[in-house]
Amino acid sequence: MTRRAVMRGGLAAALATMSSFGLAGCDSSSTGGNSTDNGGENPNPGPGPDPEPPASVKLGFESLPTSMTDGCVVPPGYIAHVLAPWGTPINDNALPWDKNGNNSSNDLLNSMGMHHDGMHFFPLEGSSTEGLLAVNHEYIDEKALHPNGPTLVNGKRPAEEVRKEINAHGVAIIHIRRTNGRWDIVQNSRYNRRFTSATAMKLAGPVGGTDWVKTPFSPNGTQVRGTNNNCGNGTTPWGTYITAEENWAACFVNTGIRPPHQQRVGVSAGPVGRYQWETAAKDPSEVLGEFARFNVTETGASATEDWRNEVNGFGYLVEIDPYDPSSIATKRTSMGRFAHEGCAYSKPEAGKPLAFYSGDDSRFEYVYRFVSEANWDPKDAQRTDRLAVGAKYLDKGTLYVARFNEDGSGEWLALTGSTKGKDGGTLADKFKTLEEILINTRGAADFVGATPMDRPEWTATHPSNGDIYLTLTNNTSRNASTGTNPANPRLNNVNGHIIRWHDEPGSNKFKWDIFVFGSDSGADADTNRSGLTDLNQLASPDGLGFDSRGILWIQTDNGIDGGRKNNVARATNDQMLAVIPGALADSSGTGPAINASNQSDLRRFFVGPNEAEITGFSMTPDHTSLFLNIQHPVNWPAYDTHDATVVSMNTVRPRSSTVVIQRADGKPIAV
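The rules behind each value
Residues numbered from 1 in each chain as written. Predicted model: local features only at pLDDT ≥ 70, side-chain atom pairs only at ≥ 80, totals over all residues. Heavy atoms only, no water. Helix = DSSP H or I, 4+ residues; strand = E, 2+ residues; numbered from the N terminus. Rg over C-alpha atoms; globule rule 2.2 N^0.38 Å. Contact = heavy atoms within 4.5 Å. Areas by Shrake-Rupley, 256 points an atom, 1.4 Å probe, with all protein chains shown as cover. Lys, Arg positive; Asp, Glu negative; His and termini not counted. Charge placed at Lys NZ, Arg CZ, Asp CG, Glu CD. Buried < 20%, exposed > 50% of the residue type's maximum accessible area, 1.4 Å probe, protein only. Arc of directions from axis to C-beta. Phe/Tyr/Trp six-rings, centres within 6.5 Å; stacked < 30°, edge-to-face > 60°. Lys NZ or Arg CZ within 6 Å of the ring centre and 35° of its normal.

Looking up the protein chain in an unreviewed UniProt entry gives the name PhoX family phosphatase, with the organism given as Alcaligenes nematophilus.

Lay out the overall build of the protein chain in plain terms, naming residues and giving numbers.
Along the protein chain, the regular secondary structure elements total 10 helices and 30 strands. The C-alpha atoms of the protein chain give a radius of gyration of 23 Å, which matches the 26 Å a tight globule of 671 residues would have. For the protein chain, the spread of C-alpha atoms along the three principal axes comes to 70 × 65 × 50 Å. Taking as baseline every contact in the protein chain between residues at least 6 positions apart, the subset at least 24 positions apart corresponds to 67%. Summed over its atoms, the accessible surface of the protein chain is roughly 23400 Å², and 49% of this surface lies on carbon and sulfur atoms. Taken together, the 60 basic and 75 acidic charged side chains of the protein chain have centroids lying 2 Å from each other.

Residue-level account of helix 7 (residues 386-394), with values.
Within helix 7, burial applies to R386, L387, V389, G390, Y393 and L394. Along helix 7, the residues classed as buried sweep out an arc of 150° about the axis, all on the same side. If you follow the buried residues of helix 7, they end up packed against strand 10 (241-245), strand 11 (317-320), strand 12 (330-332), strand 14 (353-359) and strand 16 (367-375).

Just give me the short version of the packing of aromatic side chains, but keep the residues and values in it.
Enumeration according to the criterion identifies 31 aromatic pairs in this entry. Geometrically, the ring pair formed by Y78 and F605 is edge-to-face, given 5.3 Å between the ring centres and 90° between the ring planes. Residue Y78 is located in strand 1 (residues 78-83), and its partner F605 is located in strand 27 (residues 603-607); the two are separated by 527 residues in the primary sequence. Each member of the pair, Y78 together with F605, is buried. Taken together, a centroid distance of 5.3 Å and an interplanar angle of 35° make the contact between F252 and F294 tilted. Of the two residues, F252 is situated in the loop between strand 10 and helix 6 (260-265) and F294 in the loop between helix 6 and strand 11; the sequence distance between them amounts to 42 residues. As far as burial versus exposure is concerned, F252 and F294 are alike and both buried. One aromatic cluster is present, built from ring pairs that chain together Y357, F404, W412, W501, F510 and W512. R369 extends its terminal NZ or CZ atom over the ring of Y400, reaching a point 4.6 Å from the ring centre. The cationic tip of R529 hangs over the ring face of F517; the distance from NZ or CZ to the ring centre is 5.3 Å.

As structure tokens, this is what we get:
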């Protein structure tokens with residue numbers, strides 16, 4: 001590798017492969033002046049002890065009114081600061097963000113990526129003032145990323161622009177610290193690193209090393225370059241981060257004959273892929289097919305002579321150890337291949353398997369559960385070889401898909417060869433091996449007769465009773481022809497809803513109900529089944545998370561940037577609401593749990609700027625700092641201020657950002 005090649009910023013994959021880990025792009029010897037990050041005395045400190053179980057809590061704020069401005073709105077007595085917007089350097093290898101969009105691909109390799117989404121705060125030794133923030137970067141706005149939007153030269157995308165876009169995707173791990181009440185990035189910390197659409201990653205589990213994933217880059221099928229369209233997230237009981245690959249398929253193009261597994265996940269039939277990255281192939285600077293790999297048309301005599309299998313390395317949950325800068329991101333293929341939106345784990349119980357739940361974010365897709373073969377050992381929560389622990393629980397197990405019944409019961413259907421399908425045959429009759437089932441996860445779920453849902457997205461687990469919650473964002477395609485089902489009972493479901501369930505111990509059965517129906521306050525009774533008012537009307541629930549006190553936080557993605565096409569969007573910007581749910585065991589029937597008798601318990605806590613989605617949720621252990629993300633705003637944040645509530649009087653180049661919310665008096669949030 002020449003110095004010139006390294007400085008281009010697009011060779012993360014090549015360098016990562018040769019060094020056997022993803023590029024950090026920072027000075028690993030720097031400590032950033034942090035007493036915890038002290039240059040070797042405690043190089044892998046971990047999260048620290050779990051916080052004490054909280055006492056009973058009550059919401060201590062009044063529901064906010066609606067808002068439609070270019071600023072954020074928080075309750076009285078709260079402050080909101082902008083942290084780590086797109087383009088913020090995480091080390092000295094990047095130039096400061098340029099208002100005119102002139103930053104290079106190398107800058108983006110060493111800065112925050114674009115369109116922040118799922119997120120989690122990992123404390124350093126239990127601290128609530130210092131930790132590591134993992135942030136997903138879901139996709140890009142090419143118009144904002146480049147000075148004048150994307151360009152084509154003789155039908156080809158310039159290599160530098162493509163590398164810049166590739167580096168704007170992925171995940172950032174940043175070391176952050178609160179000083180004098182405000183959070184900032186610890187520049188040049190050894191923890192700071194970026195994973196992009198070019199970073200080499202391991203393929204683990206049943207698919208790794210098989211003929212399905214062998215490519216010219218990895219002839220033995222054990223590696224793949226990059227993670228893409230990272231939307232929702234999850235964590236593990238042993239302190240790692242899970243990032244979910246969602247709408248990755250359209251980045252690839254196949255202009256030949258698309259096999260069924262490519263058609264089912266939505267690989268483009270051409271003439272080009274979503275970002276046209278493949279058109280930069282054969283650029284003189286291209287290394288190891290870094291652009292050609294996005295064209296998965298079969299042209300060679302075998303899979304190692306073309307890029308037909310490149311797309312099979314995407315669509316997974318990816319495990320990252322934020323505490324170990326030398327660790328390699330690992331794709332856990334046993335957990336299924338589809339448009340993953342998030343990943344919540346069941347309440348751990350010693351001596352019993354762990355379960356992980358993930359939605360497939362597309363209309364009429366399904367909800368999945370992965371159950372580990374290994375039984376949970378609480379000692380594994382303290383181990384520092386975290387990815388080895390991940391291999392123990394995440395590489396071997398059984399993947400299931402959900403069927404919801406009319407009486408409030410449900411069943412998890414195993415995606416294994418012996419499971420019978422709707423026609424009486426078995427999955428083994430259709431897919432010969434486990435790895436073939438996993439590559440064709442959606443097709444396998446079709447075969448066994450799972451319940452098609454209204455865009456299943458984020459999952460969250462109640463910290464004390466173990467109930468699992470799932471956002472069903474919307475489905476305007478549910479009509480008289482497709483029909484409804486018990487778990488998705490409204491036609492033209494423009495508003496979405498939230499469902500929850502509780503697994504029966506030692507069984508593949510579960511009980512479920514609908515927690516809340518989204519609606520505008522003025523809708524008829526059949527639509528507004530939860531009796532929502534002006535103070536909590538919501539639509540398109542998306543992001544979802546519990547804090548350790550049992551408060552459920554609901555975030556919305558109501559398509560406001562698509563033209564405010566429903567009544568909630570015409571009334572307010574996207575928002576975050578809070579509620580303290582009772583247990584599913586205390587409910588009767590199939591819901592809704594939030595209804596006209598108790599809907600005032602659901603309160604609007606935050607409203608975002610115009611056209612922005614509210615997404616990503618995490619808190620410090622002491623609940624005094626809340627992190628959320630603002631994605632694709634139209635004219636925010638204002639220049640020259642860290643105050644997220646400021647409304648710009650001028651036109652700005654919009655930047656997705658993390659917002660940190662705190663009480664002005666420093667006390668815990670929301671109570």
